[in-house]
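Working through the structure, step by step
The residues making up each chain are set out below.
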Amino acid sequence: MLTSPHREGPHSLSPIITRTRTTFQGTHRFPHTAEGKPQPVGWTLISSLRKIIETDLKDSVRVHTKSAFQELIMEGRRAVGLKYSDEAGTTHSRLFGTVVLAAGGYANDHQDRSLLDRFTPELAKLPTTNGPFATGDVIKALLQQDLGAQTTLMDKVQIHPTGFLEVKQPNFHTKFLAPEALRGCGAILLCGGKRFANELGRRDYLTKEVFEHCTPLQGNPGFPIAAAMLLTQEAVDKYGASSMGFYKFKGLVEDVETLENAATKMGVDAAVLRQTLAEYNRSAEKGVDEFGKTVFPVRFPEDAHFYVAFTTPTLHYCMGGLAINEHAEVLREDDVPIPGLFGNNRLGGNSLLELLGFCWHGAWSLGGWPGATRRAAEIPEEGVLSALASGASVAATTMRGQTALMFAASARGAGGQECLQLLLDGRAEIEAKDRYGWTALLYGCRNDCQSQVKSLLDQRAQLKVSTHDGRTAIMLAALEGGSLA
Ligand SMILES: Cc1cc2nc3c(=O)[nH]c(=O)nc-3n(C[C@H](O)[C@H](O)[C@H](O)COP(=O)(O)OP(=O)(O)OC[C@H]3O[C@@H](n4cnc5c(N)ncnc54)[C@H](O)[C@@H]3O)c2cc1C
């Protein structure tokens, strides 16, 4: 339900980004990351979208830069606008009718009332790859405004195992990312001249191994934990000379040329490093090493040209934010949407494609889809039909235990009723409950979806059910003055 109406979402980027090849990265067992052109993709996306806003949309979109959200303006329980301060500190109030929050995560939040201190105190002192804007201000403002907004997954802050350590200022809090692609192109990680893990393992695994095996940079307890990253010229060539040139320019990667210089840079005996590399090459011949690594992107001949960097685990993604429903509406603690308020701040979740999915979905819920996309949204049952035809299970659930039938029962957009009927025909379990005891009927009642509720009752859905906290169908139907009541 979330992705099927978004057929035009990712495709609509094709005039900006073209997929060129599928690449191998850290955490992969086979290549499966689409690489785009032109590079760098992020910058190309942002600057192209900015151009569209400044030209095609200049009469309909106004951008206020260097301005900060302060609080929502409410009319009763409905969000209708917001207050923000401009660069000079002047406060403005604007009424829009609807508000979409998209102010990102809080991995760089070290202010008073820090969300890191509150939800993940054990991680709060780690450096981060996120910019100075990632302070979660909007989440904090909403919690302070006491609207009863619900947060979710706030303690789920992902650590990236390899942020570059700048040797000249190791305690600088913001780090450049040493991306997975470096390890995917062959970089290995060493402590005391020895390997300690499968460099292509998952982020959580590798982070744990770094903390377990590595020591602070230069043995100084005041410095962060450091793993040395070793690359050969072959790995650097695979990765791309221009990005590597940037790292060298920034002093993050050093061209040390010889194995002896690499050992000196790491503060280890050259004989130890030589033995480590010989073992690595033997494992590569065998196709497996002691850590379970089975992909060896490059070998490490003794006479290769070497590069050295130092890396440390860094806070990278915040999974949490304000809780939203399937229409991207922000939910109160009692699971009822706050009318007029969209986006879970972070709207994008944890990756750029997910971000696109949520943006399109939020826009759809707002009724603001462009014409062609709206036509696609009018027939979402096609997506359900093709998913069922390809063997998708009608019993599959989200982490909260929600089934496709529950989403269809509460879909306010066109096609919800048809999807529901298809799922019922596909023998979806009508009385399935999610983790909080909600059934499809209760979802339909909450969103005032008359035709879906009627179909469910026709199919003898239980009316005398209630959520774990005691809300019945009639109570949910009466919320927000629902006509079903
Ligand atoms: C180094 C790095 C590399 C990454 N690489 C990848 C990758 O390869 N692939 C991928 O899919 N994802 C990647 N990501 C993740 C991706 O960038 C994020 O998931 C995505 O940007 C999140 O989007 P967002 O809209 O939630 O937040 P953001 O992109 O953080 O946008 C939030 C915006 O809100 C603004 N803001 C904050 N507070 C306020 C306020 N009070 N008032 C007004 N505005 C405010 C901020 O200035 C910012 O412009 C990477 C992230 C990092 C840090």
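For the rest of this paragraph, the subject is the overall build of the chain. In terms of regular secondary structure, the chain is built from 18 helices and 16 strands. For the chain, buried positions account for 48% of its 485 residues. In the structure as shown, the chain presents an accessible area of about 24,200 Å², 54% of it carried by carbon and sulfur atoms.

All right, on to the packing of aromatic side chains then. Following the criterion strictly, the structure yields 7 aromatic pairs and no others. Consider the rings of Tyr280 and Phe296, whose centres lie 5.3 Å apart with planes at 70°: the pair is edge-to-face. Remark: Phe296 occurs in the loop between α10 (270–286) and β13 (306–318) and Tyr280 occurs in helix α10; sequence separation between them is 16 residues. The two residues Tyr280 and Phe296 agree in class, both being buried. Ring-pair connections join several aromatic residues into one group, and the members of that group are Phe164, Phe176, Tyr239, Phe246 and Tyr247.

An order of β6-β16-β15 is seen for the 3 strands of this open sheet, with the pairing classed as mixed. The sheet is open, and its two edges are formed by β6 (99–100) and β15 (329–331), each paired on a single side. Alignment of β15 against strand β16 (residues 337–342), held across 2 bridges, turns out to be antiparallel. By the bridge assignment for β16, Leu331 is matched with Pro337.

The next subject is the packing of helix α9 (residues 259–266) against α10. Interhelical geometry of α9 versus α10 gives an angle of 115° and a closest axis separation of 9 Å. With respect to their mutual orientation, α9 and α10 come out roughly perpendicular. Pair α9 / α10 crosses with right-handed handedness. Two secondary-structure elements touch here, α9 through Leu259, Glu260, Ala262, Ala263 and Met266 and α10 through Ala270, Leu273, Arg274 and Leu277. Here the residues of the contact of α9 with α10 sort into 7 nonpolar, no polar and 2 charged.

So, about the nonpolar core. Residues Leu182, Leu230, Leu231, Met266, Leu273 and Phe306 are the most contacted members of the largest nonpolar core, which totals 51 residues. Sort the elements by how many residues they give to this core and strand β11 (residues 225–232) lands first, with 7 residues. The residues contacting Met266, other than those within four sequence positions of it, are Leu190, Ala228, Leu230, Leu273, Val308 and Phe310. Counting residues in hydrophobic clusters, the runner-up holds 30 residues, among them Leu82, Leu116, Ile159 and Leu341.

This part covers the pattern of salt bridges. Per the stated rule, a full pass over the model turns up 19 salt bridges. Its salt-bridge partner being Asp204, residue Arg202 comes within 2.5 Å of it at the nearest N-O pair. Judged by relative accessible area, Arg202 falls into the exposed class, the value being 55%. Among the ionic pairs, Arg332 bridges to Asp334, the shortest N-O distance being 3.0 Å.

Every other side chain in a regular strand lies on the same face of the sheet, so the side chains alternate between the two faces. Two strands pair when backbone bridges link them, and strand β4 (residues 78–85) and strand β5 (residues 91–95) are joined in this way by 5 bridges, in the antiparallel orientation. Among the inter-strand pairings, Gly81 is bridged to a residue of β5, identified as Leu95. Hairpin connection, β4 to β5: the antiparallel pair is bridged by 5 residues, and Gly89 has positive phi, about 90°.

A few words now on the sheet that holds strand β3 (residues 68–75). With respect to topology, 3 strands assemble into an open sheet ordered β3-β4-β5, the strand pairing being antiparallel. In the strand order of this sheet, the two ends are held by β3 and β5, each with one partner. Taken over all neighbouring pairs, the strand axes of this sheet differ in orientation by 25° on average, direction set aside. Here 7 bridges tie β3 to β4, and the two strands are oriented antiparallel to one another. Each residue of the ladder has a partner; that of Ala68, found in β4, is Ser85.

Take the side chain of Asn108 next. Here Asn108 shows up in the loop between β6 and α3 (115–119). On the basis of relative accessibility, which here comes to 11%, the residue Asn108 falls in the buried class. If sequence neighbours within four positions are ignored, Asn108 has contacts with Thr128, Asn130, Gly131, Pro132, Ala134, Thr135, His173 and Thr174.

So, about α10. Between its first and last C-alpha, α10 extends 25 Å over 17 residues, near the 24 Å set by a 1.5 Å rise per residue. Within α10 the residues assigned to the buried category are Ala270, Leu273, Thr276, Leu277, Tyr280, Asn281, Ser283 and Ala284. Angularly, the buried residues of α10 cover 160° about the axis, an arc narrow enough to put them on a single face. The exposed residues of α10 that point more than 90 degrees off its buried face are Gln275, Arg282, Glu285 and Lys286. Taken together, the buried residues of α10 touch β9 (188–190), β11, α9 and β13. Where α10 ends, the next residue or the one after it, Gly287, has phi of about 90°, a positive value.

On to the packing of helix α15 (residues 416–425) against helix α17 (residues 450–458). Between α15 and α17, whose axes approach to 9 Å, the crossing angle comes to 20°. For the element pair α15 / α17, the angle class is roughly parallel. The interaxial crossing formed by α15 with α17 has right-handed handedness. Between α15, through Gly416, Gln417, Leu420, Gln421 and Leu424, and α17, the contact on the second element is made entirely by Ser451, Gln452, Ser455 and Leu456. Classifying every residue of the contact of α15 with α17 by side-chain character gives 3 nonpolar, 6 polar and no charged.

What counts and how
Residues numbered from 1 in each chain as written. Predicted model: local features only at pLDDT ≥ 70, side-chain atom pairs only at ≥ 80, totals over all residues. Heavy atoms only, no water. Helix = DSSP H or I, 4+ residues; strand = E, 2+ residues; numbered from the N terminus. Buried < 20%, exposed > 50% of the residue type's maximum accessible area, 1.4 Å probe, protein only. Areas by Shrake-Rupley, 256 points an atom, 1.4 Å probe, with all protein chains shown as cover. Phe/Tyr/Trp six-rings, centres within 6.5 Å; stacked < 30°, edge-to-face > 60°. Pairing = 2+ DSSP bridges. Axes fitted to C-alpha atoms, helices over the stretch in contact; angles between N-to-C directions. Parallel < 35°, antiparallel > 145°, perpendicular 65-115°, else oblique. Left-handed = near helix turned anticlockwise from the far one by under 90°. Contact = heavy atoms within 4.5 Å. Nonpolar A, V, L, I, M, F, W, Y, C, P; charged D, E, K, R; others polar. Core = buried A, V, L, I, M, F, W, Y, C linked by side-chain atoms within 4.5 Å. Salt bridge = Lys/Arg side-chain N within 4 Å of Asp/Glu carboxyl O. Expected span 1.5 Å × (residues − 1). Arc of directions from axis to C-beta.

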